[in-house]
Amino acid sequence: EAQLVESGGGWVQPGGSLRLSCAASGFTFDDYYIAWFRQAPGKEREGVSCILPSDGHTYYSDSVAGRFTISTDNTKNMVYLQMNNLQPEDTAIYYCAAPAYYNEHGIEVDVFNSWGQGTQVTVSS
């Protein structure tokens, strides 16, 4: 089974930036979409962004498009999420997950999926 480990979360003031990292292992990295999700207390899980490492194709939810950038380092099996202009509504636990995909309903995970433990992002003044 795949293993995913997130890091890079923390506290930042509104307007600030953070870069999250996801270290992947246990599967062929290039062949599957890898996604970032987030979940805040009392809210539904939200798919934030996903990327196909083989060709770099990306997808973003409307809530983060223009502020967040997903990328990979294929030689290191790493996925990154650069988050700029963070706002309090971005506060959540952020998870990476695979295999993932996107469609007209947003970002989803396959039935046989793997999740990281999550990393907390807190945006407040």
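Just above sits the structure.
Anyway, here's the lowdown on the structure attached to this text.

Considering the overall build of the chain
Logical step 1: Counting secondary structure elements, the chain contains 0 helices and 11 strands.
Logical step 2: Starting at the N terminus, the α and β elements of the chain follow one another as β-β-β-β-β-β-β-β-β-β-β.
Logical step 3: At 13 Å, the chain has a C-alpha radius of gyration in line with the 14 Å of a compact globule built from 125 residues.
Logical step 4: Dimensions along the principal axes, computed over C-alpha positions, put the chain at roughly 40 × 30 × 25 Å.
Logical step 5: Counting across all 125 residues of the chain, residues that qualify as buried make up 43%.
Logical step 6: Counted over contacts in the chain with a minimum sequence separation of 6, partners at least 24 positions apart contribute 56%.
Logical step 7: For the chain, the exposed surface amounts to about 6500 Å²; the carbon and sulfur share of it is 47%.
Logical step 8: Once the 6 positive and 14 negative side-chain charges of the chain are each reduced to a mean point, those two points are 10 Å apart.

Structural notes on the pattern of salt bridges
Logical step 1: A full pass over the atoms with the stated rule returns 3 salt bridges.
Logical step 2: A salt bridge links Glu46 to Arg38; the shortest N-O distance between them is 2.8 Å.
Logical step 3: For Arg38, a relative accessible area of 7% corresponds to the buried category.
Logical step 4: The salt bridge partner of Asp90 is Arg38, with a shortest N-O separation of 2.8 Å.

Structural notes on the pairing of strand β7 (residues 68–73)
Logical step 1: Note: β7 against strand β8 (residues 78–83), 6 bridges, orientation antiparallel. If you follow Thr72 over to β8, its bridge partner there is Val79.
Logical step 2: Joining the antiparallel neighbours β7 and β8 is a turn of 4 residues, in which Asn77 adopts a positive phi near 55°.

Definitions and limits used
- Residues numbered from 1 in each chain as written.
- Predicted model: local features only at pLDDT ≥ 70, side-chain atom pairs only at ≥ 80, totals over all residues.
- Heavy atoms only, no water.
- Helix = DSSP H or I, 4+ residues; strand = E, 2+ residues; numbered from the N terminus.
- Rg over C-alpha atoms; globule rule 2.2 N^0.38 Å.
- Buried < 20%, exposed > 50% of the residue type's maximum accessible area, 1.4 Å probe, protein only.
- Contact = heavy atoms within 4.5 Å.
- Areas by Shrake-Rupley, 256 points an atom, 1.4 Å probe, with all protein chains shown as cover.
- Lys, Arg positive; Asp, Glu negative; His and termini not counted.
- Charge placed at Lys NZ, Arg CZ, Asp CG, Glu CD.
- Salt bridge = Lys/Arg side-chain N within 4 Å of Asp/Glu carboxyl O.
- Pairing = 2+ DSSP bridges.

Geometric descriptors of this kind do not, in isolation, establish any biological role.
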